[in-house]
Amino acid sequence: MSERKVRVRFAPSPTGALHIGGVRTALYNYLFAKQQGGDLVFRIEDTDSQRFVPGAEEYIIESFRWLGIKFDEGVTFGGKYGPYRQSERKEIYKQYVDQLLNEGKAYIAFDTPQELEAKRAATENFQYDAHTRNEMRNSLTMSAEEVEALIGDGTQYVVRFMVMPGQEVHVNDMIRGDVMIKSDILDDKVLYKSADGLPTYHLANIVDDHLMEITHVIRGEEWLPSAPLHVLLYKAFGWADTMPRFAHLPLLLKPEGKGKLSKRDGDRLGFPVFPLEWHDPKTGEVSSGYRESGYFPEAVINFLALLGWNPGTEQELFTLQQLVDAFDISRCSKAGAKFDYQKGIWFNHEYILQKSNEEIARLFAPMVANNGIDEPMERIVQVVTMMKDRVNFVKELWPLCSFFFIAPLAYDEKTVKKRWKENSAEVMTELGTVLEGLNDFSIENQEREVFAWVESKGYKLGDVMNAFRLALVGEGKGPGMFDISAFLGKDETLARLRRAIEVLK
């Protein structure tokens, strides 16, 4: 058999915001496909009409656009295997449901929800399977005439897959190796519901993966229990030769304690679990997103890639292309990955350092303008050059750097108590005279002249510089003092010195 082109798919349901775990699944599919020279297909699983949420599909597509994960085909991207929205493939699924019924591999069941509930209450650990199917209301226990009459009367029914007991079902998993389970523990899963004429997840996925020529199914660990059923369905259709390879990714776990990562963890600890801000159309609740929180998409991608996958080296910072080159799915962990959100913040800081001062300045400039400051870009670049290594997010620059653009109107009380000595007003007046006499106000010249003056007067350098910082900044923060005064220029530096002397005495 000739080697098939690698084709993987990401198939979310439009039931709300895209969880960050789903983003990681899509990322691993992307990395695997690109490294193998294959295609990534975007499919929408909207067969559960009850859970459909307006706007969710557009939100998912916009999330990947922001993250830079590009699909080769699918919903909105086109391709020759469409339609890619499952709700538009009803007729396709129906013919495969009929095939299984005609071959005796599936059967029609009329049990009502109330009857099933009563059976569960009466039988401990009830399972609809080879041991119980003959006690239920289905086409195996009824005549063909009864079945036809009920369908003709519009009675709602489901189609169940007939799982034969006594089989060993093997799932060949690229991360977990050979996973074997006995078919006796599987129930006769519902494949189709007459109520809405739509298949369930189990049938729709098998049919779509086969018809779209998907070669590898890379998905979350939570789908591992359904894999044996999917193997049996492939065999039932006679598609065993084209069955995709499976890879079940480790869960994303809570940052603290046990269990899988939830939105509640993010709300409690103050980090997003969605790529973009999500406005729930049903509840009106607004949930934070990585984009609106100030993360760079590259930092989010880098952070997620290393949650559950190890490159086998000490390298931590990867471009998307470097991730593609390094990705090896067999290096994914079997165990869950703790969601270390602090590491996500660290990645964002590293990407701020990596980006040019000009790029960060372009992002910072609107914040400066929003505060009523009209500064040329080269001045904003100067500030960013001095301060970007101190922040994790661009939005943190303004509170940290506002003193460069606005003179302090008040002085931090604690700093005043600690740094403004009895003779500070007198010393600062002298310093003002020294600075006023300088024609060259460069950092180097200021430092040389001021240090010489401090030494000649026998002052403590720390006392002088701390009082100088308080006068110019209003508190004890900022870069080197002569970096600040050189940026402000002689006139502004002297004006701030005079005001501090006047206010603080």
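The notes below deal with the structure included here. Source: prediction; values computed, not measured.

The rules behind the values
- Per chain, residue numbering runs from 1 following the sequence as it is written.
- For a predicted model such as this one, the threshold for reporting local features is a pLDDT of at least 70, and the threshold for listing and counting side-chain atom pairs is 80 or more; totals across whole chains, interfaces and linings nevertheless cover every residue.
- Computation of side-chain values: all heavy atoms of the structure, hydrogens and water removed.
- Between 30 and 60 degrees the pair is tilted, below 30 it is stacked and above 60 it is edge-to-face, where a pair is any two Phe, Tyr or Trp rings, Trp via its six-membered ring, whose centres lie within 6.5 Å.
- Under the DSSP-based scheme used, a helix requires at least four consecutive residues in state H or I and a strand at least two consecutive residues in state E, with every element numbered from the N terminus.
- Categorising residues by exposure relies on relative accessible area from a 1.4 Å probe, with only protein chains included: less than 20% of the type maximum marks a residue as buried, more than 50% marks it as exposed, and the intermediate range marks it as partly exposed.
- Put simply, a charge is over a ring when the Lys NZ or the Arg CZ is close to the ring centre, within 6 Å, and near the line of the ring normal, within 35 degrees.
- A helix is expected to span 1.5 Å multiplied by its residue count minus one.
- Directions from the helix axis toward the C-beta atoms define the arc.
- Where helices are involved, their axes are fitted lines through C-alpha atoms of the stretch in contact, as for all axes, and angles between N-to-C directions lie from 0 to 180°.
- Oblique is the label for every angle not falling under 35 degrees (roughly parallel), over 145 degrees (roughly antiparallel), or within 65 to 115 degrees (roughly perpendicular).
- Left-handed describes a crossing whose near helix is turned anticlockwise from the far helix by less than a right angle; the clockwise case is right-handed.
- Whether two residues are in contact is decided by their heavy atoms: any pair within 4.5 Å suffices.
- Classification used: nonpolar for Ala, Val, Leu, Ile, Met, Phe, Trp, Tyr, Cys and Pro, charged for Asp, Glu, Lys and Arg, polar for all others including Gly.

This brings us to the packing of aromatic side chains. Enumeration according to the criterion identifies 32 aromatic pairs in this entry. Centre to centre, the rings of F468 and F482 are 6.4 Å apart; their planes meet at 55°, and the pair counts as tilted. A residue pair is termed long-range when its members are at least 10 positions apart, and F468 in helix α18 (residues 461–473) and F482 in helix α19 (residues 481–488) qualify at 14 residues. With respect to burial, F468 and F482 carry one shared label: buried. Through a chain of ring-to-ring contacts, three or more aromatic side chains come together here, namely F271, F303, F339, Y341, W346 and F347. When the ring centre of Y192 is taken as origin, the NZ or CZ atom of K94, which lies over that ring, is 5.5 Å away. A cation over a ring is seen here: K395 above F393, with NZ or CZ 5.6 Å from the ring centre.

So, on to helix α20 (residues 490–504). It helps to recall that an α-helix has 3.6 residues per turn; residues three or four apart then point in one direction. Counted at 1.5 Å a residue, the expected span for α20 with its 15 residues is 21 Å, and the 21 Å between its end C-alpha atoms agrees. Among the residues of α20, those classed as buried are T493, L494, R496, L497, A500, I501 and L504. The buried residues of α20 occupy an angular sector of 160° when the element is viewed end-on, so they sit on one face. Seen from the open side of α20, the exposed residues pointing more than 90 degrees away from its buried face are D491 and E502. One or two positions beyond α20, positive phi appears at K505, with a value near 60°.

This part is about the packing of helix α16 (residues 424–436) against α20. Here α16 crosses α20 at 165°, and the two axes come no closer than 10 Å. In this view, α16 runs roughly antiparallel relative to α20, as classed from their interaxial angle. Crossing hand, α16 versus α20: left-handed. In contact with A425, M428, T429, L431, G432, L435 and E436 of α16, α20 contributes K490, T493, L494, L497 and I501. Residues of the contact of α16 with α20, tallied by class, amount to seven nonpolar, three polar and two charged.

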